[in-house]
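# Summary of structural features
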Amino acid sequence: MTLEPHAVLLDPVSGTTQPQARASARTLEGMRGLFASEHTADRDNVVVYTTSTAPFVEGPGELSFGETRIEAGDLNGELFMTHGHIHIRPDGEVYIGQSGMGGVVLQKDDEVKWIPMTQNTVCYIPPLWKHRSVNTGSEPFVFLSVYPSQSGQDYEPVRRNGMGARVYRAGAGYSVIADNGAIIADAAS
Ligand code: S6P
Ligand code: ZN
C-alpha cells in the first residue's frame with residue numbers, strides 16, 4: 001500500500017499537522033531519568049514537548065513527517081528537550097525550523113555536535129548519529145522532521161548513555177556542556 005499524492009498543512013506555532021494521524025505529549029514524569037536532576041512531584045504533569053505526525057505508511061521508499069513543539073522551560077537550569085534516539089535503520093533525517101529558537105545535539109561515537117536552529121534552518125542529521133532537540137528560547141520551539149518511514153527509533157542508547165552533552169540556561173543565553181565538562185557552545189541569547 002502507498003499513499004496518494006496529498007498536501008498537509010503545518011501550523012508553525014502550535015506545532016500541529018492537518019490532517020494528523022498521530023499525536024503525543026511527553027511530560028516531565030514521562031521523561032524521568034533523562035535530565036541530569038530530578039523534578040518534584042508538583043511538576044509531574046508539566047508538558048515538555050508534543051508531536052503531531054501526518055498520515056504515513058511504513059513501506060519501502062515512503063517518508064514520514066511531522067511537527068515537534070518543545071515548550072520553553074528548564075529543570076534546574078537544564079533546558080527542555082526531546083528524549084532523543086538513534087534510527088534503527090541507518091537513515092538520515094532533516095529538521096526544518098518553524099518558529100522559536102533551539103538546536104540539536106548530535107552524537108556519534110566520541111563526537112558530539114551542536115547545531116543551532118531557528119525559523120527556516122535546515123538541520124541535516126546523517127545516518128548513525130543520535131539526535132535530541134532542545135528549546136533555547138523563551139517561546140515554544142517548533143520544527144518539522146522528515147525521515148524514511150521505515151527508519152524506526154531506538155530510545156535505549158540515549159536512555160542508557162545520554163547524548164554526550166547537556167544544554168543549560170546561562171544568563172539570557174545558553175551553554176552546551178560536554179559530559180567531560182568542556183564547553184561545546186556558548187550563546188548570549
Ligand atoms: C523522528 C524524528 C522526530 C522525533 C521528535 C520527538 O525520527 O527525529 O520526529 O521523533 O522530534 O523526539 P523523540 O526523541 O521523542 O522521538
Ligand atoms: Zn529521528
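This write-up is about the structure you can find in this document. Just so you know, these numbers come straight off a predicted model, no measurement behind them. (Residues numbered from 1 in each chain as written. Chains lettered and ligands numbered in written order. Predicted model: local features only at pLDDT ≥ 70, side-chain atom pairs only at ≥ 80, totals over all residues. Heavy atoms only, no water.)

## Details of the coordination of the zinc ion (ligand 2)
- Protein-derived coordination of the zinc ion (ligand 2) comes from His85 (NE2), His87 (NE2), Glu93 (OE) and His131 (NE2), at a distance range of 2.1 to 2.2 Å.
- Of note is the zinc ion (ligand 2), whose six donor atoms meet at the metal with angles of 74 to 176 degrees in an arrangement that counts as irregular.
- Positions of the donor residues of the zinc ion (ligand 2), expressed as sequence spacing, correspond to H-x1-H-x5-E-x37-H. Taken together, the positions of His87 in strand E8 (residues 86–87) and His131 in strand E13 (residues 130–135) put the pair 44 residues apart, joining distant regions of the chain.
- Owing to a relative accessible area of 6%, His87 belongs among the buried residues under this scheme. (Donors = N, O, S within 2.8 Å, 3.2 Å for Na, K, Ca; no water. Tetrahedral: all angles 85-135°; square planar, octahedral: opposite > 155°, others 65-115°. Helix = DSSP H or I, 4+ residues; strand = E, 2+ residues; numbered from the N terminus. Buried < 20%, exposed > 50% of the residue type's maximum accessible area, 1.4 Å probe, protein only.)

## A closer look at the sheet that holds strand E11 (residues 111–117)
- Read from one edge of the open sheet, three strands run E11-E10-E13, paired in antiparallel fashion. Because the sheet does not close on itself, it has two edges, and the strands there are E11 and E13. Taken over all neighbouring pairs, the strand axes of this sheet differ in orientation by 20 degrees on average, direction set aside.
- Pairing of strand E10 (residues 102–108) with E11, which is carried by seven bridges, proceeds in the antiparallel orientation. Note that in E11 the partner of Gln107 across the bridge is Val112. (Pairing = 2+ DSSP bridges. Axes fitted to C-alpha atoms, helices over the stretch in contact; angles between N-to-C directions.)

## Points about the pattern of salt bridges
- Under the criterion given, the structure shown has seven salt bridges.
- Here Asp74 and Arg169 are joined by a salt bridge, their closest N and O atoms 3.0 Å apart. One end of the pair, Asp74, is in strand E6 (residues 74–75); the other, Arg169, is in strand E16 (residues 165–170), and 95 residues separate them in sequence.
- A salt bridge links Glu78 to Arg166; the shortest N-O distance between them is 2.6 Å. Within this pair, whereas Glu78 is found in strand E7 (residues 78–79), its partner Arg166 is found in strand E16, the two being separated by 88 residues in sequence.
- Note on Glu78: relative accessible area 1%, which makes it buried.
- What emerges from the salt-bridge pattern is a single network uniting Glu29, Arg32 and Glu38. (Salt bridge = Lys/Arg side-chain N within 4 Å of Asp/Glu carboxyl O.)

## Focus on the site of ligand 1
- In the neighbourhood of ligand 1, 16 residues make up the surrounding shell, with Tyr49, Glu93, Tyr95, Ser145 and Tyr155 lying closest.
- The side chain of Thr68 places a nitrogen or oxygen atom 2.8 Å from an oxygen atom of ligand 1.
- In the environment of ligand 1, an oxygen atom lies 2.9 Å from a nitrogen or oxygen atom belonging to the side chain of Gln153.
- Taken by itself ligand 1 offers 390 Å² of open surface, and the protein chains cover 92% of this.
- Placement of ligand 1 is best described as lying within the largest pocket.
- Counting residues per element, the ones that place at least two in the shell around ligand 1 are strand E4 (47–53), strand E9 (93–99) and strand E14 (141–148).
- For the shell around ligand 1, the per-class residue count stands at five nonpolar, ten polar and one charged. (Near = heavy atom within 4 Å. Polar contact = N/O pair within 3.5 Å; in protein donor to acceptor, adjacent residues only side chain to side chain. Areas by Shrake-Rupley, 256 points an atom, 1.4 Å probe, with all protein chains shown as cover. 1 Å grid on protein atoms, 1.4 Å probe; cavity = no way out; pocket = protein on both sides within 12 Å on 5 of 7 lines; lining within 4 Å. Sits in = over half its atoms within 2 Å of the grid points. Nonpolar A, V, L, I, M, F, W, Y, C, P; charged D, E, K, R; others polar.)

## Considerations on the packing of aromatic side chains
- According to the stated counting rule, one finds four aromatic pairs in the structure shown.
- Where Phe141 meets Phe143, the ring centres are 5.5 Å apart and the plane angle is 35 degrees; that geometry is what we call tilted.
- Using a relative accessible area of 0% as the deciding quantity, one classes Phe141 as buried.
- Overall, Phe143 belongs to the buried group, its relative accessible area being 1%.
- Put simply, the rings of Tyr95, Phe141 and Phe143 touch in pairs and so form one group of aromatic residues. (Phe/Tyr/Trp six-rings, centres within 6.5 Å; stacked < 30°, edge-to-face > 60°.)

## A look at the nonpolar core
- Judged by nonpolar contacts, the single largest core of 30 residues is most densely connected at Trp114 and Val167.
- Elements with a minimum of two residues in this core: E4, E10, E11, strand E12 (122–125), E14, E16 and strand E17 (173–178).
- At three residues, the largest contribution of residues to this core is made by E10.
- The residues contacting Trp114, other than those within four sequence positions of it, are Gly102, Gly103, Val104, Val105, Val134, Thr136, Val167, Tyr174, Val176, Ile184 and Ala185. (Core = buried A, V, L, I, M, F, W, Y, C linked by side-chain atoms within 4.5 Å. Contact = heavy atoms within 4.5 Å.)

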